[in-house]
Amino acid sequence: RVPCLDLGSLGDSDEEDGDSYIPYSGSYPHTCPLDSSSDWRTSLQTPYAQHHQAQQHSVLEQKTIPENLPSPTDRYKLKYCQYEADMKEEYKQYSQRIAEKKKDHLRCPEASIKCTQLEDGHNDDLTALDEKALLQQCYTSKPYNMQHSIRKSEAEDVAAEKRKQAVVEQVMVDQLSRAVISDPEQSMRADVYKEARGLLGLGTTPMRFRKRTLHETKIRTKSALTENMLSNKLRFDSRIISRNGHDACRELIGFFFACDRSLTVYEYRQFGKNRTNALPFIQKGVYQHQRGQKKGKAYDLSDFYIGANLTFRSVDHNLPESVKQSSVLTLRVINIDEAAMDFLKASVEFKQELSKQVVDDSKVFKKIQGMLRGTLSKRGVRVITGLGKYFRRMDKNRNGFLSQADFKEALKVFHLEIPEGDFESLWLILDDSKSDKVDYGEFTRAVFGEMNEYRKAFVRKAYMKLDFNKTGSVPMVDIRKCYCAKKHPLVLAGKATEEEIKSSFLETLGESCSNPSEVSYSEFEDYYEGLSIGIMDDDDFVNILRNPWGI
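Keep in mind that what you see is a predicted model, and the values were worked out from it rather than measured.

About the criteria used
Residues numbered from 1 in each chain as written. Predicted model: local features only at pLDDT ≥ 70, side-chain atom pairs only at ≥ 80, totals over all residues. Heavy atoms only, no water. Helix = DSSP H or I, 4+ residues; strand = E, 2+ residues; numbered from the N terminus. Buried < 20%, exposed > 50% of the residue type's maximum accessible area, 1.4 Å probe, protein only. Contact = heavy atoms within 4.5 Å. Polar contact = N/O pair within 3.5 Å; in protein donor to acceptor, adjacent residues only side chain to side chain. UniProt positions renumbered as here; feature names shortened; annotations may be inferred. Pairing = 2+ DSSP bridges. Axes fitted to C-alpha atoms, helices over the stretch in contact; angles between N-to-C directions. Parallel < 35°, antiparallel > 145°, perpendicular 65-115°, else oblique. Left-handed = near helix turned anticlockwise from the far one by under 90°. Nonpolar A, V, L, I, M, F, W, Y, C, P; charged D, E, K, R; others polar.

(A) Looking closely at unusual backbone geometry. In this model, Arg-398 sits at a positive phi of 60 degrees, which is unusual for a non-glycine residue. Of note, Arg-398 is situated in the loop between α11 (356-394) and β7 (401-403). Unusually for a residue other than glycine, Lys-434 sits at a positive phi of about 60 degrees. For Lys-434, the location among the structural elements is in the loop between α13 (420-430) and β8 (437-439). A relative accessible area of 60% means that Lys-434 is categorised as exposed.

What follows is the structure, given as structure tokens:
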């Protein structure tokens, strides 16, 4: 037999979570007695309605408080104090968030001087195209969500580190295996030689009857590499300097081995969503500079720093056809392993001295860039994108090289004045092969300068988001779909619509393209190269890319 449940034995306990339990007793009077004449529907009202009705009745009659209520325990008081403090803190944080949102909306129209100048029309020397391009610089006054940016960048750093670690493991496996199998000393044994030549006195055995096996890899040779020798390496990230979007966005990771001063470059490739692989791009070997003041000299540790150019002969490597179109492959170092660099500097002899010729060349570049900096501060987008479009039209051979007369004519068309003596000094530096032709991309970088690698990384990230098929060009229809102007300061202030900002961007970007229906990587990069002129802070420039593209 199941005993009856006695609810009267329940009492207050300090070990209970929540409020103390008080058993119901018929002696406790009701604080809000129900009116017998009221409708039966009153008992089915919501708790809020009943509470509101109770407040109305309390005006007419005084509430009765039970006399035998137990006093609250110390634990209950402590919990109530904690609850009250938490509620106050949450309300304070909520008020701060609301105030920040209102502040952002109020400061947007006045935070950017450029936006007010565009509305007032004070800049008489700017064309309509310049004014529409400068609308994109207004994003610098609308900071990106910092908390979201930190979480996103941390996740990207973790993913990038995993990719690099996978490449490191693949390199070690490849080099340790190849070091033994491809060693020439493995084929010098007499029995291997006789076996390959066939039986004595019967002539050479046909290839189909020979016993073809790998080398006897258990034999240790003089040139055998070990894991400890290969571990003394410098890892660096690089990119291809190319106008081809597919090649420019290749993810290349290189290694310089201090034991024999050799280097190799691997490409990290992703096939579909889940399959990845690290493939050799430049085979391991000792290479020499192909251009510049160190032409013919082997690479050493001092040649690896952020912004350094590594040059290779295209015919010496099994490269894609798009890369082989240029006789010299140029890789730009965009990041290095600082910890490995410090370790190698302490363990090997390190000398990094700039020659007098390199210093003089740098002075020539800076002098010319200083002359044109003021001219490009307001119309940088129109000049740089226009020059790129002009050069592509003049390049009849499609090899990227133009003559000295072509460059002088282009500077004259765009009203860019460079003294004759400075131009001759610049040409002597760029035309190191004495062929009277220079790559117009290299000429543009020398005359106007270029973004640092931190900014270029975000430009590539935005373009790779658009060119998800890695074709090297993006249809203008896809750019219109992906571009978002919700966070533009003029849109937030109510002074412009999203469609107006988007149309201005698409119009200025379309003017810089040879084909208005699609955008290549070089045209996309030239556009943001022009926007970066005059923006000193890297974070301000990154906001121009993060806000509309969501990267």
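(B) Representation of the environment of Ser-517 in the model. Its location among the elements puts Ser-517 in the loop between α18 (498-511) and β10 (518-520). Using a relative accessible area of 46% as the deciding quantity, one classes Ser-517 as partly exposed. For the pair Ser-517 and Val-477, spaced 40 residues apart in sequence, the C-alpha separation works out to 7.7 Å. Sequence-distant contacts of Ser-517, that is, excluding residues within four places in its chain, are made with Pro-475 and Met-476. Here Asn-515 takes part through its side chain, which lies 2.9 Å from a polar atom of the side chain of Ser-517.

(C) View of the UniProt feature "domain: EF-hand" (unreviewed entry) in the protein chain. When the UniProt feature table is mapped to this numbering, "domain: EF-hand" (unreviewed entry) covers residues 382-417. As annotated, residues 382-417 has a helix share of 64% and a strand share of 8%, and its two end C-alpha atoms lie 16 Å apart.

(D) Region of interest: the sheet that holds strand β3 (residues 262-271). The strand order across the open sheet built from six strands is β4-β3-β2-β1-β6-β5, with neighbouring strands paired in antiparallel fashion. Each having just a single partner strand, β4 (275-285) and β5 (309-313) make up the two edges of the open sheet. When the angles between neighbouring strand axes are averaged without regard to direction, this sheet yields 35 degrees. Of the pairings in the sheet, the one linking strand β1 (residues 233-240) to strand β2 (residues 252-257) comprises six bridges and is antiparallel in character. Residue pairing for β2: Ser-238 is matched across the bridge by Leu-252. Where helix α15 (residues 453-466) meets the sheet, it contacts β1 and β6 (328-336), and its direction lies at approximately 105 degrees from that of β6.

(E) Geometry of the packing of helix α12 (residues 404-413) against α13. Their axes nearest at 12 Å, the elements α12 and α13 cross at an angle of 135 degrees. Overall, the two elements α12 and α13 adopt an arrangement that is oblique. In this structure, α12 meets α13 at a crossing whose hand is right-handed. Of the residues in α13, those touching α12 at Gln-404, Phe-407, Lys-408 and Leu-411 are Glu-420, Phe-423, Glu-424 and Trp-427. Tallied by class, the residues present in the contact of α12 with α13 amount to four nonpolar, one polar and three charged.

(F) Seen up close, helix α14 (residues 440-448). Along α14, seven of the nine residues are buried, which leaves the element largely enclosed by surrounding structure. Tucked inside the fold, the buried residues of α14 contact α11, β7, α12, α13 and β8. The opening residue of α14 is Asp-439, an N-cap whose side-chain oxygen sits 2.9 Å from the backbone nitrogen of Gly-441. Once α14 ends, the next one or two residues include Gly-449, with phi positive near 80 degrees.

(G) Examining the packing of α11 against α12 more closely. Where α11 contacts α12, the axes come no closer than 11 Å and their chain directions differ by 145 degrees. As α11 runs across α12, the sense of the crossing is right-handed. Of the residues in α12, those in contact with Leu-387, Tyr-390, Phe-391 and Met-394 of α11 are Asp-406, Phe-407, Glu-409, Ala-410 and Val-413. Looking at the contact of α11 with α12, its residues break down into seven nonpolar, no polar and two charged.

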